[in-house]
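Single-letter residue listing:
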Amino acid sequence: MDVNTKELYKQTFGHFCTDAACAAVVIAGTADLFDIVKFFAGYNFLAFCLQPLAGWLLDKFKNIRFEHYIVTAFLLLLIAFAPNLNIWLRVALVGVGNCLFHVGAGALILTTAAKKMMPLGVFVSGGAVGLALGTTFAVVEVWRIFRCLCLAMMVVINIRLPERTSLKTSQVFPWKIIGLLCVCVALRSFMGLAPLTQFEKTLPVLLTITFGVFAGKFLGGILCDKFGIKKVVLMSTAIVLPLFLPALKNPYL
């Protein structure tokens, strides 16, 4: 089976739209830092803690199609930008929408990836750009209009998607791998404590950092297909690890 490039790039753009919309709602909801933390915590619970349940339902009920999750996700995201909506309702809508999109689109990419890593790398790269632009231009009116038009377009073009196919997965739950991934995410989160200089707060630098994240994700899957996952993981870790500790004091690293 060949990689379905049409669906791949469509869902990558959908990932961009989803993360841009979610970032805009959480950031633009209030200027109060404490409220932002509350919104962020509530959004993260709905967006990520509910994904196992959404995935289980997708596995259990074979009549649920990919487009049911994806179209519903974009409808919820679109409704979240209706005027005069309660901020907590907005957060709930984008949180559930994010959850449904990641599970539905993620399952679609996995089943059409032809056992390649490239589609996964390309798919996740769109989210990095969406988060950056959604955060930077959260309150810009032109950006809000563009974002809503994109969400409406994604509803229409996802109404009919390829038929579901099954994935052969191990019956042994990978607790060890999940535990190690949690450690990686926890360690990476410490980088958020690194102080930013005024130079780094400028838009060109932020966009450059975003492009770096995008390129790393995009190329990661391609390199894994070419050299193997283990070699790429070891190579990238060997490069990053020596820079990790001093990076807390020197964010340029």
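Every chain is numbered on its own, with residues counted from 1 as its sequence reads. Per-residue local features are limited, in this predicted model, to residues with pLDDT of at least 70; the limit for side-chain atom pairs, both in listing and counting, is 80 or more; totals at the level of whole chains, interfaces and linings are taken over all residues. To get the side-chain values, take all heavy atoms of the structure and skip hydrogens and water.

Focus: helix H9 (residues 203-227)
In an α-helix, one turn spans 3.6 residues, which is why side chains three or four residues apart end up on the same side. Note the threshold: Helix and strand assignments come from DSSP, with helices taken as H or I runs of at least 4 residues and strands as E runs of at least 2, each series counted from the N terminus. By this rule, a helix spans an expected 1.5 Å times one less than how many residues it contains. Note that bend, as reported per residue, equals the angle between axes fitted to the 7 residues terminating at that residue and the 7 residues originating from it. Buried means the residue's accessible area, taken with a 1.4 Å probe over protein chains only, is under 20% of the maximum for its type, while exposed means over 50%, and partly exposed covers the values in between. Any two residues whose heavy atoms approach within 4.5 Å are treated as being in contact.
Spanning 25 residues, H9 covers 35 Å between terminal C-alpha atoms, matching the ideal 36 Å at 1.5 Å per step. The largest bend along H9 measures about 30 degrees and falls at glycine 220. Taken as a whole, H9 has its buried residues at Val205, Thr210, Gly221 and Cys224. Turning to H9, the residues buried within the fold contact helix H6 (118-136) and helix H10 (229-244).

So, the packing of aromatic side chains
The line we're drawing: Any pair of Phe, Tyr and Trp rings, taking the six-membered ring for Trp, is counted once the centres come within 6.5 Å. Such a pair is stacked with planes under 30 degrees apart, edge-to-face with planes over 60 apart, and tilted for the rest. We count a charge as sitting over a ring when the NZ of a lysine or the CZ of an arginine lies within 6 Å of the ring centre and within 35 degrees of the ring normal.
Scanning all chains against the criterion turns up 10 aromatic pairs. Taking 4.8 Å as the distance between ring centres and 80 degrees as the angle between the ring planes, the aromatic pair formed by phenylalanine 39 and tryptophan 88 counts as edge-to-face. Placement of the pair is phenylalanine 39 in helix H2 (residues 33-49) and tryptophan 88 in helix H5 (residues 87-111), with a sequence separation of 49 residues. Since its relative accessible area comes to 4%, phenylalanine 39 is described here as buried. One aromatic cluster in this structure is built from Phe13, Phe16, Phe137, Trp143 and Phe146. Seen from the ring of phenylalanine 227, lysine 226 lies directly overhead, with NZ or CZ sitting 5.7 Å from the centre.

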